Amino acid sequence: MDGLKQRSRSAFKNDTGAQIGIGTLIIFIAMILIASVAAAVMIQTAGVLREQAAQTGTHASHEVSSNVMIRNIEGHRANSTSEGISSTVDLLKINVGLHVGTRELDVGQTIITVSDGSNTNTLVYAGNDAIYGTAMDNFGASASLNLERLINSTTEIHGVNENNSKIFFTANKFRDEDGSFTQNNPLMNKGDLISFYVSTVSDEASSYNSLYGYETELKSSGLEIEPRTRMQVVISSEYGPDVFLNFYTPSSYGVNRIVGLYP
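Residues numbered from 1 in each chain as written. Predicted model: local features only at pLDDT ≥ 70, side-chain atom pairs only at ≥ 80, totals over all residues. Heavy atoms only, no water.

**A short note on the nonpolar core**
One finds Leu92, Ile94, Val96, Phe196 and Ile235 to be the most contacted residues of the largest nonpolar core, which totals 51 residues. The dominant element in this core, judged by the number of residues it contributes, is strand β4 (residues 91–98), at five residues. Once residues within four sequence positions are removed from consideration, Leu92 is found in contact with Ile73, Glu74, Val114, Phe196, Tyr197, Val198, Thr200, Met231 and Leu261. (Core = buried A, V, L, I, M, F, W, Y, C linked by side-chain atoms within 4.5 Å. Buried < 20%, exposed > 50% of the residue type's maximum accessible area, 1.4 Å probe, protein only. Helix = DSSP H or I, 4+ residues; strand = E, 2+ residues; numbered from the N terminus. Contact = heavy atoms within 4.5 Å.)

Below you can see the structure in the form of structure tokens.
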């Protein structure tokens, strides 16, 4: 009898099948729990990445495409009844539009840099009072008057009277069907054609008395755009990359008051 009991205890003691089954079940449940947690983390991470990608894509679209397109540039020369036409280009009329699919552009935040190879002027919109602490002196709602003041007046900047032609540019609408562009709120959107005016009156031409139809005293810009001058124009808008344009002026201006500079 005692031997039978001993054999029964030994049989139960050596039967580990049940223990292995329970252990396997525990491991299986643990794997399911780990997989569930991992899946939840992956789903959450994918959602965050998708949202960041969407935001980055929108921002990148603005950075790549939200900039102006230079359509053409005209050069206007000063003239005088006694001295004839100046030998330099004294006003740039830069006609611009927006690339397809871009957002509206605030011209008031645009900066234009113009170089004649020797001198460079960095210009802000005449109605912008944030850069120098003041807008162009007597800036108003009339595009024509603003352009005239650009070429013949000065503005006090930090106690010094600076020629407007050295620090400002003006703009006017050529096509603006929705009326979004005004002098005080110069918004440019799809389909608009806008002209930027940059005074490039040379020291020589400052003694002339007529430019772009204005019979007035001219203020020098410090630039000298003669024939065969290597020009650089850079337009920096609020969004998107800068627009760089390098070109040479014609080998001769002839007797033309208006000279095609680009394209």
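**Considerations on the sheet that holds strand β16 (residues 243–248)**
The strand order across the open sheet formed by nine strands is β16-β15-β6-β7-β10-β12-β4-β1-β17, and the pairing between neighbours is mixed. The open sheet has two free edges, formed respectively by β16 and β17 (258–262), since each of these has just one partner strand. Across this sheet, the average inter-strand angle for adjacent strands is 25°, counted without regard to direction. For strand β15 (residues 230–236) and β16, the ladder comprises six bridges, and the chain directions are antiparallel. Among the inter-strand pairings, Val233 is bridged to a residue of β16, identified as Leu245. Packing against the sheet, helix α3 (residues 143–152) makes contact with β4, β10 (168–175) and β12 (193–199), and its axis sits at approximately 150° to β10. (Pairing = 2+ DSSP bridges. Axes fitted to C-alpha atoms, helices over the stretch in contact; angles between N-to-C directions.)

**Section: α3**
The complete set of buried residues in α3 reads Ala143, Asn146, Leu147, Leu150, Ile151 and Asn152. Turning to α3, the residues buried within the fold contact β4, α4 (164–167), β10, β12, β13 (210–211) and β14 (214–215).

**Considerations on a nonpolar patch on the surface**
A cluster of nonpolar side chains, namely Phe28, Ile29, Ile32 and Leu33, defines an oily patch on the protein surface of about 390 Å² accessible area. Mapped onto the elements of the fold, Leu33 is located in helix α2 (residues 17–65). (Patch = residues over 30% accessible without salt bridge, like charges linked within 9 Å, V, L, I, M, F, W, Y side chains within 5 Å. Areas by Shrake-Rupley, 256 points an atom, 1.4 Å probe, with all protein chains shown as cover. Salt bridge = Lys/Arg side-chain N within 4 Å of Asp/Glu carboxyl O.)

**Some thoughts on a negative patch on the surface**
Together, Glu83, Asp203, Glu204, Glu224 and Glu226 make up a negatively charged patch on the protein surface. Of note, Glu83 is situated in the loop between β2 (79–80) and β3 (84–85). (Lys, Arg positive; Asp, Glu negative; His and termini not counted. Charge placed at Lys NZ, Arg CZ, Asp CG, Glu CD.)

**Focus on the packing of aromatic side chains**
As enumerated under the stated definition, the model contains seven aromatic pairs in all. Consider the rings of Tyr125 and Phe139, whose centres lie 5.8 Å apart with planes at 75°: the pair is edge-to-face. In this pair, Tyr125 is assigned in strand β7 (residues 120–125) and Phe139 in the loop between β7 and α3, connecting sequence segments 14 residues apart. Across the pair, exposure class does not vary: Tyr125 and Phe139 are buried alike. Above the ring of Tyr239, the side-chain terminus of Arg103 is found at 4.1 Å from the ring centroid. (Phe/Tyr/Trp six-rings, centres within 6.5 Å; stacked < 30°, edge-to-face > 60°. Lys NZ or Arg CZ within 6 Å of the ring centre and 35° of its normal.)

**Remarks on unusual backbone geometry**
In this model, Tyr262 is joined to Pro263 through a cis peptide bond whose omega is 0°. With respect to the element layout, Pro263 can be found in the segment after β17. One non-glycine residue with positive phi stands out, namely Asn138, at about 65°. Of note in the backbone geometry, Tyr212 takes a positive phi value of approximately 55° without being a glycine. For Tyr212, the location among the structural elements is in the loop between β13 and β14. Assessed through its relative accessible area of 28%, Tyr212 is described here as partly exposed.

**As for the pattern of salt bridges**
For the structure shown, the criterion picks out two salt bridges. Lys173 is the salt-bridge partner of Asp176, the closest N and O atoms lying 4.0 Å from each other. Of the charged contacts, one joins Glu217 and Lys219 as a salt bridge, the two residues approaching to 3.4 Å between their closest N and O atoms.

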